[in-house]
Amino acid sequence: METLSERLPAVRERIARAAGRARRDPSEITLLAVTKMFPAEAICEAYALGLREFGENYVREFEGKAPATRDLAGARFHLIGHLQSNKSKKAADLFQVVQTVDSARLARRLNEAGTPLDIMLEVKLAEEDAKSGAGPADLPGLIDAVAGCGNLRLLGLMTMPPWADDPEASRPYFRRLRELGERFGLKHLSMGMSHDLEVAIEEGATCVRVGTALFGERVKA
Ligand SMILES: *Cc1c(COP(=O)(O)O)cnc(C)c1O
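In this report, we go over the structure that sits alongside the text. Residue numbers here run from 1 along each chain, matching the order of that chain's written sequence. The predicted nature of this model means local features are confined to residues of pLDDT at least 70 and side-chain atom pairs, given and counted, to a pLDDT of 80 or more, with totals for whole chains, interfaces and linings taken over all residues. Side-chain figures throughout are based on the complete set of non-hydrogen atoms in the structure, without hydrogens or water.

1. Side note on the pattern of salt bridges
Selection criterion: Note on definitions: salt bridges are taken to be side-chain nitrogens of Lys or Arg within 4 Å of carboxyl oxygens of Asp or Glu. A run of DSSP states H or I qualifies as a helix once it reaches four residues; a run of E qualifies as a strand once it reaches two. Both are numbered from the N-terminal end. Three exposure classes are used, based on accessible area relative to the maximum for each residue type with a 1.4 Å probe and protein chains only: buried under 20%, partly exposed in between, and exposed over 50%.
By the definition in use, this model includes 18 salt bridges. E202 is paired through a salt bridge with R21; the nearest N and O atoms lie 3.0 Å apart. On the criterion of sequence distance, the pair formed by E202 in helix 8 (residues 197–202) and R21 in helix 1 (residues 4–21) is long-range, its members being 181 residues apart. Here E203 ties to R178 by a salt bridge, and the two come within 3.5 Å at their closest N and O atoms. Of this pair, E203 sits in the loop between helix 8 and strand 8 (207–210) while R178 is found in helix 7 (residues 171–184), placing the two residues 25 residues apart along the sequence. What makes E203 buried here is its relative accessible area of 3%. Overall, R178 belongs to the partly exposed group, its relative accessible area being 26%.

2. Things to note about the environment of G74
Note that G74 resides in the loop between helix 3 (59–69) and strand 3 (76–79). G74 sits 22 residues away from R52 along the chain, and the two C-alpha atoms are 6.6 Å apart.

3. Let's talk about helix 7
Selection criterion: Helices are assigned an expected span. That span is 1.5 Å times one less than the residue count. In this analysis, two residues are considered to be in contact whenever any of their non-hydrogen atoms come within 4.5 Å of each other.
Compared with the 20 Å implied by 1.5 Å per residue over 14 residues, the 20 Å span of helix 7 between its first and last C-alpha is a close match. Those residues of helix 7 that fall on the buried side of the exposure criterion are R171, F174, L177, L180 and G181. Elements in contact with the buried residues of helix 7: strand 5 (117–123), helix 6 (139–147), strand 6 (152–159), strand 7 (188–190) and helix 8. Residue G185 follows helix 7 closely and has a positive phi angle near 65°.

4. Details of the nonpolar core
Quick reminder of the rule: To qualify as a nonpolar core, a set must consist of buried Ala, Val, Leu, Ile, Met, Phe, Trp, Tyr and Cys residues joined through side-chain atoms within 4.5 Å.
Counting 62 residues, the largest nonpolar core has L31, F54, L110, L121, L157, V208 and L214 as its most contacted members. Per element, the largest residue contribution to this core is six residues, and it comes from helix 1. Other than its neighbours up to four places away in sequence, L121 contacts Q99, V101, L139, L142, I143, V146, L154, G156, L157 and M158. Judged by nonpolar contacts, the second largest core, of eight residues, contains L32, I80, V97 and M158.

5. Points about the layout of surface pockets
What counts here: Both site types are read off a 1 Å grid over the protein atoms alone. A 1.4 Å probe that fits but cannot get out defines a cavity, while an open set with protein on both sides within 12 Å along at least five of seven lines defines a pocket; lining residues have an atom within 4 Å of a point. Grid points are joined across faces, edges and corners, and a volume is the space filled by probe spheres set on the points.
Here the largest pocket is characterised by a volume of approximately 650 Å³. Residue lining of the largest pocket: 26 residues in total, with K36, N57, M160, M193 and R218 positioned closest to the centre.

6. Focus on the pairing of strand 2 (residues 53–56)
To be explicit about the condition: The pairing criterion is simple: DSSP has to find at least two bridges between the two strands. With the strands pointing away from the viewer, any crossover whose connection runs clockwise from the first strand over the helix to the second is right-handed.
Here strand 2 shows two buried faces, one formed by E53 and G55 and the other by F54 and E56. Bridging between strand 1 (residues 30–34) and strand 2 involves two bridges; their strand directions are parallel. Across the sheet, V34 pairs through a bridge with G55, a residue of strand 2. Taking the sense of rotation as the criterion, the β-α-β connection linking strand 1, helix 2 (residues 40–48) and strand 2 turns out right-handed. Bridge count for strand 2 against strand 3 is four bridges, and the pairing is parallel.

7. Regarding the environment of K220
Tracing the backbone shows K220 in the segment after helix 9 (212–215). Note on K220: relative accessible area 71%, which makes it exposed. Through-space distance from the C-alpha of K220 to that of E127 is 27 Å; in sequence the pair is 93 residues apart.

8. Looking at the site of the ligand
Rules: Throughout this document, a residue counts as near a molecule or strand when at least one of its heavy atoms sits within 4 Å of that molecule or strand. Polar contact is the term for a pair of N or O atoms within 3.5 Å; when the atoms are in protein, one must be able to donate a hydrogen and the other to accept it, and sequence-neighboring residues count only if both atoms are side-chain atoms. Values of accessible area rely on a 1.4 Å probe in the Shrake-Rupley scheme; residue burial ignores everything except the protein chains shown. Think of it this way: a molecule belongs to a cavity or pocket when more than half its atoms come within 2 Å of the grid points there. Residues are sorted three ways: Asp, Glu, Lys and Arg are charged, Ala, Val, Leu, Ile, Met, Phe, Trp, Tyr, Cys and Pro are nonpolar, and all the rest, Gly among them, are polar.
Surveying the vicinity of the ligand reveals 13 residues, the closest of which are K36, N57, S194, T212 and R218. Interatomic distance of 2.7 Å between a side-chain N/O atom of N57 and an oxygen atom of the ligand. Alone, the ligand offers 390 Å² of accessible surface; in the complex the protein occludes 93% of this. Given that more than half its atoms are within 2 Å of the pocket grid, the ligand belongs to the largest pocket. Tallied by class, the residues present in the shell around the ligand amount to six nonpolar, four polar and three charged.

Purely geometric numbers; function is a separate question.
What follows is the structure, given as structure tokens:
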């Protein structure tokens with residue numbers, strides 16, 4: 001069995017190589033360790049190995065782990081799963097970054113929580129009904145709404161392409177997100193996961209969200 005301490009250098013190496021190919025500085029790419037469905041101990045272990053940015057998908061799940069992570073100075077927790085607006089107060093209390101803002105209503109609810117919060121806008125780039133995310137045409141209105149929210153700081157855009165075995169299938173989606181970021185003057189792009197992080201970095205990702213390649217397969221509940 002491979003351990004996190006063995007997998008982490010391999011992931012860092014993948015990031016460095018992809019950055020090299022794209023003539024980018026690897027230090028401008030954040031490795032977000034996705035710890036959903038792993039216990040708080042996994043977060044603490046990753047922290048001990050130097051990781052500081054963590055991604056969780058569910059407010060309820062992270063609520064359970066948060067007490068065990070409270071003493072990890074400098075650690076930042078990103079919500080990367082869909083957020084229902086009735087959980088926005090709790091989310092604003094638990095997380096430093098919400099990457100999945102996809103409506104003006106949700107932005108306002110997060111703003112009303114009354115604490116400074118970094119956010120990203122989740123963009124839906126494929127015609128899949130089930131997926132959350134704002135359509136590209138909704139972005140100007142959404143950006144306007146966020147600008148009126150004094151507690152929210154807009155970092156950039158996030159997307160999750162439809163699942164495909166071939167990482168190259170993600171490239172057009174990543175490219176599109178980069179174009180949207182350029183159009184709206186948003187610097188940060190959260191895109192790329194374990195299987196397609198190289199493609200994402202080549203297309204300009206500033207944050208790759210990596211679970212399986214660091215922690216192994218998630219066991220389904
Ligand atoms: C689970 C998840 C990831 C990590 O996926 P892996 O394939 O395990 O790296 C990244 N982003 C989001 C939004 C996720 O839900």
